[in-house]
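One-letter residues, chain by chain:
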Amino acid sequence: STHTTVKSWNWNRYLVPNAQLLGLEFENLSLRDEDIWTHVEFIVSYDADLDEVERIAVRAVESSPSFTGFEPPSFWYMELRPEGLVCWVAGWAKNPGESWALQSEIRRALIVGFRERGISVHTHRLHLDLPEAQTREVVLGDGLTALAGGTG
């Protein structure tokens, strides 16, 4: 045999020459614990009700059909940035594919939960290089603002 076939969690297959295989490092997803830990990072406004943010995030994990319940969901405040507070929420899934689905389901539940409760998430400000007299701030929605030219 001159090569080894490596199948990834998303069913992609890679042919690796055996001469190179011994020198490579890779993650073997078939040798693992029974469940896989996965997390979602998001940023909320400093004005947000942090207790409510945590409740929404934990419920987002618990309500996902991809969550195994191996351990209760975990929630952390990770970092302070100019645009807001960085948060992580994490849970356990059965395999890499379910982990991917869990992340997607968490993100969707976060968006829905935050919208329902009026919680502001990461905001962006777009600056255009225009003369000061011709610029004005325009609110584009969902916390997105821009400086735009015009007189009206």
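Residues numbered from 1 in each chain as written. Predicted model: local features only at pLDDT ≥ 70, side-chain atom pairs only at ≥ 80, totals over all residues. Heavy atoms only, no water.

1. Details of the overall build of the chain
Consideration 1: Counting its regular elements, the chain contains 3 helices and 8 strands.
Consideration 2: The linear arrangement of helices and strands in the chain, starting from the amino end, is β-β-α-β-α-β-β-α-β-β-β.
Consideration 3: Buried positions account for 28% of the 152 residues belonging to the chain.
Consideration 4: Pairs at least 24 apart in sequence give 54% of the contacts found in the chain among residues at least 6 apart. (Helix = DSSP H or I, 4+ residues; strand = E, 2+ residues; numbered from the N terminus. Buried < 20%, exposed > 50% of the residue type's maximum accessible area, 1.4 Å probe, protein only. Contact = heavy atoms within 4.5 Å.)

2. Some details on the environment of Ala90
Consideration 1: Its location among the elements puts Ala90 in strand E5 (residues 84-93).
Consideration 2: With a relative accessible area of 1%, Ala90 lands in the buried category.
Consideration 3: Here Ala90 is in contact with Trp37, Thr38, His39, Val61, Pro73, Ser74 and Trp76, once residues within four sequence places are set aside.

3. Describing the nonpolar core
Across soluble globular proteins, you tend to see nonpolar side chains buried next to one another.
Consideration 1: Counting 21 residues, the largest nonpolar core has Phe42 and Leu110 as the members making the most contacts within it.
Consideration 2: A per-element tally of this core places helix H2 (residues 50-62) first, with 6 residues. (Core = buried A, V, L, I, M, F, W, Y, C linked by side-chain atoms within 4.5 Å.)

4. Some points on the sheet that holds E5
Consideration 1: The 3 strands lie next to each other as E3-E5-E4, forming an open sheet whose pairing is antiparallel. Each edge of the sheet is formed by a strand with only one pairing partner; in this case those strands are strand E3 (36-44) and strand E4 (74-81). Strand-to-strand twist in this sheet, taken as the mean axis angle between neighbours without regard to direction, amounts to 25°.
Consideration 2: Sheet analysis places E4 next to E5, joined by 7 bridges and oriented antiparallel. Bridge pairing in E5 links Phe75 to Val89. (Pairing = 2+ DSSP bridges. Axes fitted to C-alpha atoms, helices over the stretch in contact; angles between N-to-C directions.)

5. Some words on the pairing of E5
Consideration 1: Burial within E5 is extensive, with 9 of its 10 residues counted as buried.
Consideration 2: Direction of pairing for E3 relative to E5: antiparallel, over a ladder of 9 bridges. Bridge pairing links Val40 to Val89 in E5.
Consideration 3: What sits between E4 and E5 in their antiparallel hairpin is a turn of 2 residues.

6. Details of the pattern of salt bridges
Consideration 1: Under the criterion given, the structure shown has 6 salt bridges.
Consideration 2: Among the salt bridges present, the one from Arg81 reaches Glu41, with a minimum N-O distance of 3.9 Å. Of this pair, Arg81 sits in strand E4 while Glu41 sits in strand E3, placing them 40 residues apart in sequence.
Consideration 3: Take Arg81: its relative accessible area is 23%, and that puts it in the partly exposed class.
Consideration 4: Taking the relative accessible area as the measure of exposure, Glu41 reaches 41% and is therefore partly exposed.
Consideration 5: As a salt-bridge pair, Arg55 and Glu52 come within 2.8 Å of each other at their nearest N and O atoms. Of this pair, Arg55 and Glu52 both sit in helix H2, 3 residues apart, which is roughly one turn of the helix.
Consideration 6: One continuous salt-bridge network, built from bridges that share partners, spans Glu41, Glu79, Arg81 and Glu83. (Salt bridge = Lys/Arg side-chain N within 4 Å of Asp/Glu carboxyl O.)

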